[in-house]
Amino acid sequence: MVSRTVSAVASVSLALVIVGCVGRVASIRTAVEGPPPPSATLAQLWVDPGDTARDLFWGIGGPSLAPPASTPFDVEARDDNGFSVSFDVKSPDGMRWSAKIGPEAQTEVVVSRILWGLGYHQPPIYYLPSWTAAGPQQTRRESEARFRPKLPTLAAGELWKWADNPFLAAREFRGMLVVLLMLNSTDLKDDNNTIYDVKEAADGVSRWFLVRDLGAALGETGKLFPRRNWLEGFERSGFITRISGQQVEFDYRGRHQELLTMITPADVQWAAQRLQRLTDLQWRDAFRAGNYDAAIAGRYIARIKTKIEDGLALRAAPGAAS
């Protein structure tokens, strides 16, 4: 009797999940079919970077905002929640930083550089292969880390939602999703999305909608601790698996797959065309900013360029892992 009750409860729960998912998909599709946002609104997410190639080694912050590599950082807090350990630290010049250690450090820098190179807003972030943490008990060397400065002119505020935002009807928004799929960004959840208040207007706007915490990428996709920063898994993964009319299916096993239902073949081609504009130097610099070995970076770039070609041709080519 108890087992039947549990089974019935499980069936009802599953039915509610399915109904909820169907409802979200319908809501997303309705929003996508609406009028695109005005240019002033779109500029809060994306701006055309123009014909001058952006510096993808230093990124938006340039060398002047880079963390001091040879001085200790005072540790103010440590957070062991989530996949990667992160710290709140302060450098001797008084700047406060968010530092994340582990395999996501490299990937977050690379993916952030690529998005910024395409015109999507990103905060300044940098990679250090090692650094010194100074605490009340001891001073010690820590492993590689991603450093993000906490700038008074760039204040992180509320979150924004993938399925409920002003950009759903914009090709540039859906194109960003395609780019993240190409890079096997597997953690498409709302609490990675942040609205920044820009005290000194940059790119003509005083608010930025951006995707942050991009480290779960360049490996395999999945919902339960997929392997990040894994070249062999990235090389084996596919991109487009099927195209039927205006629907595109992807080799993606990560979170919130309902978001992919908004993507059309034209969105895929738009994203591929934008990625194709990045120069070979920009690709190398993006991976150099994450301290990748040149040979490993070359293999990553070759696989990404194959996905770009598949996107331009709208070619379904499942990877070896499919």
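Because the structure is predicted, anything quoted here is derived from the model rather than measured.

Asker: Looking at this structure, how should I read the layout of surface pockets?
Answerer: One water molecule sets the probe size; rolling that probe over the atoms shows where empty space is left. Empty space within the largest pocket amounts to approximately 600 Å³. When residues of the lining of the largest pocket are traced back to their parent elements, those giving at least two are strand S1 (73-79), strand S2 (86-90), strand S3 (96-101) and strand S7 (145-149). Its residues assigned to classes, the lining of the largest pocket shows seven nonpolar, nine polar and 14 charged.

Asker: It is not clear to me how helix H4 (residues 171-182) should be interpreted in this structure. Could you clarify?
Answerer: Two residues of an α-helix separated by three or four positions point the same way, owing to the 3.6 residues in each turn. Over its 12 residues, H4 runs 16 Å from end to end, which matches the ideal 16 Å to within 8%, given 1.5 Å per residue. Counting buried residues along H4, 11 of its 12 residues qualify, which places the element largely inside the surrounding structure. By the burial criterion, the buried members of H4 are Glu172, Phe173, Arg174, Gly175, Met176, Leu177, Val178, Val179, Leu180, Leu181 and Met182.

Asker: Please clarify how the packing of aromatic side chains should be interpreted in this entry.
Answerer: For any pair of aromatic rings, the description consists of the separation of the ring centres together with the inter-plane angle of the planes. Scanning all chains against the criterion turns up 17 aromatic pairs. Ring geometry for tryptophan 46 against tryptophan 270: centres 5.9 Å apart, planes inclined by 70 degrees, an arrangement best described as edge-to-face. Of the two residues, tryptophan 46 sits in the loop between helix H2 (39-42) and S1 while tryptophan 270 sits in helix H6 (residues 265-276), which places them 224 residues apart along the sequence. Ring centres 5.7 Å apart and planes at 45 degrees place the aromatic pair phenylalanine 239 and phenylalanine 250 in the tilted group. Taken together, the residues span a long stretch of sequence, with phenylalanine 239 in the loop between helix H5 (231-236) and strand S11 (240-244) and phenylalanine 250 in strand S12 (residues 247-250) at a distance of 11 residues. The two residues phenylalanine 239 and phenylalanine 250 agree in class, both being buried.

Reading the values: the criteria
Position numbers for residues count from 1 along each chain, tracking the sequence in the order it is written. Selection of residues for local features in this predicted model requires a pLDDT of at least 70, selection of side-chain atom pairs for listing and counting requires 80 or more, and totals for whole chains, interfaces and linings are taken over all residues. Computation of side-chain values: all heavy atoms of the structure, hydrogens and water removed. Definitions used for this entry: grid spacing 1 Å over protein atoms alone; cavity, a set of points where a 1.4 Å probe fits but cannot get out; pocket, an open set with protein on both sides within 12 Å along at least 5 of 7 lines; lining residue, one with an atom within 4 Å of a point. Grid points are joined across faces, edges and corners, and a volume is the space filled by probe spheres set on the points. Helix and strand labels come from DSSP, where a helix needs a run of H or I of at least four residues and a strand needs a run of E of at least two; each type is numbered from the N terminus. We call Asp, Glu, Lys and Arg charged. Ala, Val, Leu, Ile, Met, Phe, Trp, Tyr, Cys and Pro are nonpolar, and the rest, Gly among them, are polar. Given a helix with a known number of residues, its expected span is that number minus one, times 1.5 Å. Think of it in three bands: with a 1.4 Å probe and only protein chains considered, a residue is buried below 20% of the maximum accessible area for its type, exposed above 50%, and partly exposed in between. Working definition: rings of Phe, Tyr and Trp (its six-membered ring) pair if their centres are within 6.5 Å, and the pair is stacked with planes under 30 degrees apart, edge-to-face with planes over 60 apart, and tilted otherwise.

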